[in-house]
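Coordinate analysis (summary)
Letter by letter, the chains look like this.
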Amino acid sequence: MDPARSLADADPAPYWLDDPGRPAAEPALTGAEHCELLVVGGGYSGLWTALLAKERDPGRDVVLIEEDRIGGAASGRNGGFCAASLTHGAFNGLARWPAEFDLLRELGDRNLDAIEEAVRHHGLDCEFERTGEIDVATADHQWQELREAHETAARHGLDLELLDRDRMRAEVDSPTFLGGLYDRRGVALVHPAKLAWGLKRAAARLGVRVYERTPATALVRHRAALAVRTPYGRVLAHRIALGTGAFPSPVRRLRPYTVPVYDYALTTEPLSPEQRAAIGWRGRQGLGDSANQFHYFRLTADHRVLWGGYDAIYPRGGRISAAYDHRPRTYLTLARHFFTCFPQLEGLRFSHTWGGVIDTCTRFSAFFGTAHGGRVAYAAGYTGLGVGASRFGAEVMLDLLAGVETERTRLEMVRRRPLPFPPEPFASAGIGLTRWSLARADAAGGRRNLWLRAMDRAGLGFDS
């Protein structure tokens, strides 16, 4: 089947947001607002911050503003993988913070458990499934890397299960699968948009005032407070938490620490019982292959396959634009790869195609800090793994704004920022060379060239 034909009827819109239950937008802020805590950004980072702030102190006056719609950006467009890892995977954490890795792992496990408890306590109808995730080898060198990763994980007390080809294909059947590394408890799957909408409702029930279609146009001092200007008004606040994600931070000195990257995904039409039987996947685990340019894929509650990743596109000059939300060339590539992975699903058609922007930093995992004398806190740089980690980031921001030392704020991961990206045109050149080198490594049995080895030594990189 021509991959283009499988895309012919696809709706160019995020599957998760194409939902009749999507709540109506709240009115924009007009005039002057006053609050103790202002949260800027209506994605996971901001929503968790607002909710947790009220849970810590029910009397605190909290306002949240969102530029567009709640969950309309990355939080409503991602794959819905809610991971315990706070460090973009255990092995990135081991490489960067070996001395505190055990604590980071413990904090991550506790954070995922707390998300599961919040889903229960607040009645968040977000299709939460604690399915786990399997990293899949589709090339011989990837299988060897998974075996080595399993040995490393065992030395550090990580409970990961190595699956050979037959056991892997008994879980999910693809002729391309050579083996897998199964984390049974460290990942849950969610409907990402429903999680965002549920967090909004829970925060509003506790008294958070939410304004949508209200961008923050400037952040300035105003007597003893801080003022955030908006198109139709302003908010005066004693403390501000920034959860702006990939979009330019109101604190300008932070902007060199992240760059925007566009990621793309497809969903299929619902699978028939016969099609589901052809691929197995009874455990409904999340999956990701082990290439540098990797795919992530999962089942939805209504038995579609979500298939995303591979292309991570840095827009020219680092500009963010709705024009980049769709990339037909990438959709064709993803469709072709899908049918290579699952030839038994030949003839299946795709229902939705979309893209979205995420923020990445040079260490791949979030960084934190304060500005304006400790009255502004920020968390940024989640690099596509923020569904779970953003709750931890919210806890960090609230700790920093409170000026208290906690086991979170003592972490080196929290105290130190990553290296910034170079200015243009050097950023575009470096990122382009890195993407080319990663693709070459995938085609060359995993062998990394001089550029990638130099980037590894410098602690820099580019990842989706």
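The preceding data block contains the structure.
Just so you know, these numbers come straight off a predicted model, no measurement behind them. Sequence order sets the numbering: in each chain, residues are counted from 1 along the sequence as written. Thresholds applied to this predicted model are a pLDDT of at least 70 for local features of residues and 80 or more for the giving and counting of side-chain atom pairs; totals over whole chains, interfaces and linings are not thresholded and use all residues. The side-chain figures draw on all heavy atoms in the structure; neither hydrogens nor water molecules are used.

**Some points on the overall build of the protein**
Along the protein, the regular secondary structure elements total 13 helices and 18 strands. Radius of gyration: over C-alpha atoms. The globule rule applied is 2.2 Å multiplied by the number of residues raised to the 0.38 power. In terms of overall dimensions, the protein is globule-like: its C-alpha atoms have a radius of gyration of 22 Å, near the 23 Å expected for 464 residues. If one aligns the C-alpha atoms of the protein with their principal axes, the spans along those axes are about 65 × 50 × 45 Å. By the burial criterion, 56% of the 464 residues in the protein qualify as buried. Here, residues are in contact when the closest pair of their heavy atoms is within 4.5 Å. Partitioning the intrachain contacts of the protein with sequence separation of at least 6 by distance along the chain shows that 76% fall at a separation of at least 24. The method behind every accessible area is Shrake-Rupley, applied with a 1.4 Å probe, and residues are considered shielded solely by the protein chains displayed. Of the roughly 19100 Å² of accessible surface on the protein, 51% is carried by carbon and sulfur atoms. Within this scheme the basic residues Lys and Arg register as positive and the acidic residues Asp and Glu register as negative, but His and the chain ends are omitted. Just so you know, the charge point we use is NZ for Lys, CZ for Arg, CG for Asp and CD for Glu. Both charge centroids of the protein, one from 58 positive and one from 56 negative side chains, sit 7 Å from each other. Segments assigned H or I by DSSP are reported as helices when at least four residues long, segments assigned E as strands when at least two residues long, and all are numbered from the N terminus. Type-normalised accessible area, obtained with a 1.4 Å probe on protein chains alone, sets the label of each residue: buried when under 20%, exposed when over 50%, and partly exposed for intermediate values.

**What to know about the pattern of salt bridges**
Criterion for a salt bridge: a side-chain nitrogen of Lys or Arg within 4 Å of a carboxyl oxygen of Asp or Glu. All chains considered together, the criterion is met by 28 salt bridges. A salt bridge links Asp 325 to Arg 77, with the shortest nitrogen-to-oxygen separation between them at 4.0 Å. Highlighted residues: Asp 325 in the loop between β15 (305-313) and α9 (328-341) and Arg 77 in the loop between β2 (62-65) and β3 (81-83), separated in sequence by 248 residues. Take Asp 325: its relative accessible area is 17%, and that puts it in the buried class. In this structure, Arg 408 engages Glu 395 in a salt bridge whose closest nitrogen and oxygen atoms are separated by 3.8 Å. Of this pair, Arg 408 sits in the loop between α10 (386-402) and α11 (412-415) while Glu 395 sits in helix α10, and the two are 13 residues apart along the sequence. Considered together, Arg 408 and Glu 395 belong to a single accessibility category, that of buried residues.

**Looking at the packing of aromatic side chains**
Aromatic pairs are defined between Phe, Tyr and Trp rings, using the six-membered ring for Trp, whenever the two ring centres lie within 6.5 Å; interplanar angles under 30 degrees are classed as stacked, those over 60 as edge-to-face, and all others as tilted. Across all of its chains, the model carries 19 aromatic pairs by this definition. On the basis of an interplanar angle of 85° and a centroid distance of 5.1 Å, the ring pair of Phe 338 and Phe 339 is categorised as edge-to-face. The buried category is assigned to Phe 338, whose relative accessible area is 0%. With a relative accessible area of 10%, Phe 339 lands in the buried category. Taken together, the ring pairs in this structure connect Phe 177, Trp 281, Phe 297, Trp 307, Phe 338, Phe 339, Phe 342 and Phe 350 into an aromatic cluster. Note on geometry: a ring has a charge over it if NZ (lysine) or CZ (arginine) is within 6 Å of the ring centre and within 35 degrees of the ring normal. When the ring centre of Phe 364 is taken as origin, the NZ or CZ atom of Arg 96, which lies over that ring, is 5.4 Å away. Above the plane of the ring of Trp 48 lies Arg 391, whose end atom (NZ or CZ) is 5.8 Å from the centre.

**With respect to the environment of Ala 24**
Summarising the element assignment, Ala 24 is placed in the loop between α1 (3-6) and β1 (31-40). The class for Ala 24 is exposed, based on a relative accessible area of 60%. The spacing of Ala 24 and Pro 12 is 12 residues in sequence and 21 Å in space, taken between C-alpha atoms.

**Some words on the pairing of strand β9 (residues 218-222)**
In this structure, β9 lies alongside strand β10 (residues 225-230), joined through five bridges in antiparallel fashion. What sits directly across from Ala 218, in β10, is Arg 229. Strands qualify as paired when DSSP identifies two bridges or more between them.

**Some remarks on the environment of Leu 163**
If you trace the backbone, Leu 163 turns up in strand β5 (residues 161-163). The sequence separation of Leu 163 and Leu 51 amounts to 112 residues, and the corresponding C-alpha distance is 40 Å. Excluding anything up to four places from it in sequence, Leu 163 contacts Ile 134, Trp 143, Met 168, Glu 171, Gly 179, Gly 180 and Tyr 182.

**Looking at the pairing of β10**
Here β10 lies mainly inside the structure; five of its six residues are buried. If you look at the hairpin formed by β9 and β10, you'll find two residues sitting between the two strands, and Arg 223 has a positive phi there, around 55°. With five bridges joining them, β10 and strand β11 (residues 233-242) adopt antiparallel strand pairing. Counted as the bridge partner of Arg 229 is Arg 234 from β11. Once β10 ends, the chain turns through two residues before running back antiparallel as β11.

**Description of the packing of helix α2 (residues 44-56) against helix α7 (residues 192-205)**
Running from amino to carboxyl end, α2 crosses α7 at an angle of 30°, the nearest separation of the two axes being 9 Å. As far as their axial angle goes, α7 and α2 are roughly parallel. By crossing handedness, the relation of α2 to α7 is classed as left-handed. Where α2 approaches α7, its residues Tyr 44, Leu 47, Trp 48 and Leu 51 are matched on the opposing element by Pro 192, Ala 193, Leu 195, Ala 196, Leu 199, Lys 200, Ala 202 and Ala 203. When residue character is reported, Ala, Val, Leu, Ile, Met, Phe, Trp, Tyr, Cys and Pro are called nonpolar, Asp, Glu, Lys and Arg charged, and the others, Gly included, polar. A breakdown of the residues in the contact of α2 with α7 according to their chemical character gives 11 nonpolar, no polar and one charged. Think of each axis as a best-fit line through the C-alpha atoms, taken over the contacting stretch in the case of a helix, with angles from 0 to 180 degrees between the N-to-C directions. Angle categories are assigned with fixed cut-offs, so that under 35 degrees is roughly parallel, over 145 is roughly antiparallel, 65 to 115 is roughly perpendicular, and the rest are oblique. Here a crossing is taken to be left-handed if its near helix is turned anticlockwise relative to the far helix by less than a right angle, and right-handed if that turn runs clockwise.

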